[in-house]
Amino acid sequence: MRVEFDEDTCIGMYQCVAEWDAFRKDKSKGKAVLEDSEEAEDGVFVREVPEDAELDAKFAARTCPVDAITIYDDDGEQLIP
C-alpha cells in the first residue's frame, strides 16, 4: 500500500496527525508533514505504508477534510478518496 500527500492542498486541520503517527504538525507552514516520504512531484509526497499501519493510514485519509491524502493498493488502484 502507498500513500500520497498533497501538501499544497492541505489546510492544516491536522486530523491526519491524530489518526496516523506518520504525520506531524508543521506549525510554521500551517500544514501537516508526511514523515519518511519523498517528493514525487511539486508538493506531492509519497511513501509506502507498513502493513501494521494500513488501517491508520486509511483513517488519516478518510478524516482529511480536503482530500489531500490518497491511498493506493499494491496494484496501484486508488482506494481513498
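Procedures and definitions
- Residues numbered from 1 in each chain as written.
- Predicted model: local features only at pLDDT ≥ 70, side-chain atom pairs only at ≥ 80, totals over all residues.
- Heavy atoms only, no water.
- Patch = residues over 30% accessible without salt bridge, like charges linked within 9 Å, V, L, I, M, F, W, Y side chains within 5 Å.
- Areas by Shrake-Rupley, 256 points an atom, 1.4 Å probe, with all protein chains shown as cover.
- Salt bridge = Lys/Arg side-chain N within 4 Å of Asp/Glu carboxyl O.
- Lys, Arg positive; Asp, Glu negative; His and termini not counted.
- Charge placed at Lys NZ, Arg CZ, Asp CG, Glu CD.
- Helix = DSSP H or I, 4+ residues; strand = E, 2+ residues; numbered from the N terminus.
- Phe/Tyr/Trp six-rings, centres within 6.5 Å; stacked < 30°, edge-to-face > 60°.
- Buried < 20%, exposed > 50% of the residue type's maximum accessible area, 1.4 Å probe, protein only.

- Per an unreviewed UniProt entry, the recorded name for the chain is Ferredoxin, and the organism is Natronococcus jeotgali DSM 18795.

1. Let's talk about a negative patch on the surface
Piece 1. On the surface, Glu 19, Asp 21, Glu 48, Glu 51, Asp 52, Asp 56, Asp 74, Asp 75 and Glu 77 cluster together into a negatively charged patch.
Piece 2. Among the secondary structure elements, Asp 56 is positioned in helix α2 (residues 54-63).

2. Digging into the packing of aromatic side chains
Piece 1. Applying the stated criterion across every chain yields a total of two aromatic pairs.
Piece 2. Geometrically, the ring pair formed by Phe 5 and Phe 23 is edge-to-face, given 5.3 Å between the ring centres and 75 degrees between the ring planes. Residue Phe 5 is located in strand β1 (residues 2-6), and its partner Phe 23 is located in strand β2 (residues 23-26); the two are separated by 18 residues in the primary sequence. Assigned by exposure class, Phe 5 and Phe 23 land together as buried.
Piece 3. Here Trp 20 and Phe 23 contribute two aromatic rings whose centre-to-centre distance is 5.8 Å and whose plane-to-plane angle is 70 degrees, an arrangement assigned as edge-to-face.

3. With respect to unusual backbone geometry
Piece 1. The omega angle of the peptide bond from Ile 80 to Pro 81 is -15 degrees, so this bond is cis rather than trans.
Piece 2. The topology assignment puts Pro 81 in the segment after β7 (78-80).
Piece 3. We note that Tyr 14 has phi near 65 degrees; this positive angle belongs to a residue other than glycine.
Piece 4. With respect to the element layout, Tyr 14 can be found in the loop between β1 and α1 (15-19).
Piece 5. Non-glycine residue Asp 36 carries a positive phi angle of around 55 degrees.
Piece 6. Along the chain, Asp 36 turns up in the loop between β3 (31-34) and β4 (38-41).

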